Amino acid sequence: MGTNGPASHAESDDESIKGFEIEDESHFVDKKFKTNYLRDCLEFLRYPESKPDAWKRHKYGLERIPVIMAHKPFDGRDLAVSLIKELLQLPNSFNLEGFDEKKSAAVQAIAVCYPQLVVPELGVTVSSKKLS
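Parameters at a glance
Residues numbered from 1 in each chain as written. Predicted model: local features only at pLDDT ≥ 70, side-chain atom pairs only at ≥ 80, totals over all residues. Heavy atoms only, no water. Helix = DSSP H or I, 4+ residues; strand = E, 2+ residues; numbered from the N terminus. Expected span 1.5 Å × (residues − 1). Bend = angle between axes of the 7 residues up to and from the residue. Buried < 20%, exposed > 50% of the residue type's maximum accessible area, 1.4 Å probe, protein only. Contact = heavy atoms within 4.5 Å. Core = buried A, V, L, I, M, F, W, Y, C linked by side-chain atoms within 4.5 Å.

## As for helix H4 (residues 76-89)
If you check H4, its first and last C-alpha atoms are 19 Å apart, about what 14 residues at 1.5 Å a residue would give, namely 20 Å. At Ser82, H4 shows its largest kink, close to 25°. Along H4, the residues classified as buried are Gly76, Leu79, Ala80, Leu83, Ile84, Leu87 and Leu88. Where H4 is buried, its residues meet helix H2 (38-46), helix H3 (54-69), helix H5 (99-113) and helix H6 (115-128).

Below, the structure is given as structure tokens:
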């Protein structure tokens, strides 16, 4: 067996145990906010700020857009311009942590997948200064 036998066995046991970080909220996400559809994300972003759970809807809508876009969704072409318009006008009303980065990631994901559709809209929005 040698001196490395038991020690390497103990090390492999330690490596197979995965820790659970309390900051990871993904285990606590309400199922109604889990989506794989861009239409749901658009609805989340449009959800009235005065309603309960609006901050959660905005947060998860922002977070899911890049993930969904990476899988080339069937409705991407149809919703790209609407999503860009909504994202560019979306203010950080709930002071969400990492809001600007999430918003930027969502805009970039859509623009990379559908540049021919969203670049003209980006130009119009920037030139009219309708950014938030």
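## Re the nonpolar core
In terms of nonpolar packing, the biggest core is built from 24 residues, with Leu45, Ile65, Met69, Leu83, Leu87 and Ile110 touching the most fellow members. Counting only elements with at least two residues in this core, the list comes to H2, H3, H4 and H5. Filtering out sequence-adjacent residues up to four positions away, Ile65 remains in contact with Cys41, Leu45, Leu83, Leu87, Ala106 and Ile110.

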